[in-house]
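Secondary and tertiary structure notes
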Amino acid sequence: QVQLVESGGGLVQAGGSLRLSCAASGRTLSTNNMGWFRQAPGKEREFVGRISRRDSATYYADSVKGRFTLSRDNAKNTVYLQMNSVKPEDTAVYYCAATPRLGSPLQRAVEYEYWGQGTQVTVSS
């Protein structure tokens, strides 16, 4: 069992930066691949990126590639999503998720077993 808690969301101006954190308890993150998803009002939950448990390899959605960066600190049992050059269309509730499943790219929500409660990110224009 893994419990996930996101933090770091808030209001940011377009072009600014924000760093989201996902802290885990229970099983260590080193045994899980970690993903980030987001959901805007009236839209389906969409994949943002994921970082692998083995070598921290990352994979991003095209919409955030080059702007968002994932990293993990297994000693702190925490995963980070650095968001740079944010845009109004990045506004959403951001969720982190964990899965012990192997494979790539793990970009479907159904592939993840554990979820956090989400943190709101609002980008003003």
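Everything below is about the structure printed above this text.
Keep in mind the model is a prediction, meaning the values are calculated, not measured.

What counts, and at which threshold
Residues numbered from 1 in each chain as written. Predicted model: local features only at pLDDT ≥ 70, side-chain atom pairs only at ≥ 80, totals over all residues. Heavy atoms only, no water. Salt bridge = Lys/Arg side-chain N within 4 Å of Asp/Glu carboxyl O. Buried < 20%, exposed > 50% of the residue type's maximum accessible area, 1.4 Å probe, protein only. Pairing = 2+ DSSP bridges. Helix = DSSP H or I, 4+ residues; strand = E, 2+ residues; numbered from the N terminus. Axes fitted to C-alpha atoms, helices over the stretch in contact; angles between N-to-C directions. Disulfide = S-S within 2.5 Å.

Time to look at the pattern of salt bridges. What the rule picks out here adds up to five salt bridges. Between Arg 38 and Glu 46 there is a salt bridge, and its shortest N-O distance comes to 2.6 Å. Arg 38 sits in the buried class, given a relative accessible area of 5%. The class of Glu 46 is partly exposed, set by a relative accessible area of 33%. A salt bridge links Lys 65 to Asp 62, with the shortest nitrogen-to-oxygen separation between them at 3.0 Å.

In this section: the sheet that holds strand β3 (residues 18-26). Paired through their backbone hydrogen bonds, the strands of a sheet run either parallel or antiparallel. Within the open sheet, the four strands sit side by side as β1-β3-β8-β7. Their pairing is antiparallel. What marks the edges here is a single partner per strand, and that holds for β1 (2-7) and β7 (68-73). Averaged over all pairs of adjacent strands, the angle between strand axes in this sheet comes to 20°, irrespective of strand direction. Inspection of the sheet shows β1 paired to β3 by six bridges, in the antiparallel sense. From the neighbouring strand, Val 5 faces β3, where its bridge partner is Ala 23.

Further remarks concern the state of the cysteines. Here the structure, examined in full by the defined rule, presents one disulfide. With a sulfur-sulfur separation of 2.0 Å, Cys 22 is cross-linked through a disulfide to Cys 96. Note on the Cys 22 and Cys 96 pair: the S-S dihedral is about 55°, so by sign convention the disulfide is right-handed. Of the two residues, Cys 22 sits in strand β3 while Cys 96 sits in strand β9 (residues 92-99), which places them 74 residues apart along the sequence. Here Cys 22 and Cys 96 have matching classes, each one buried.

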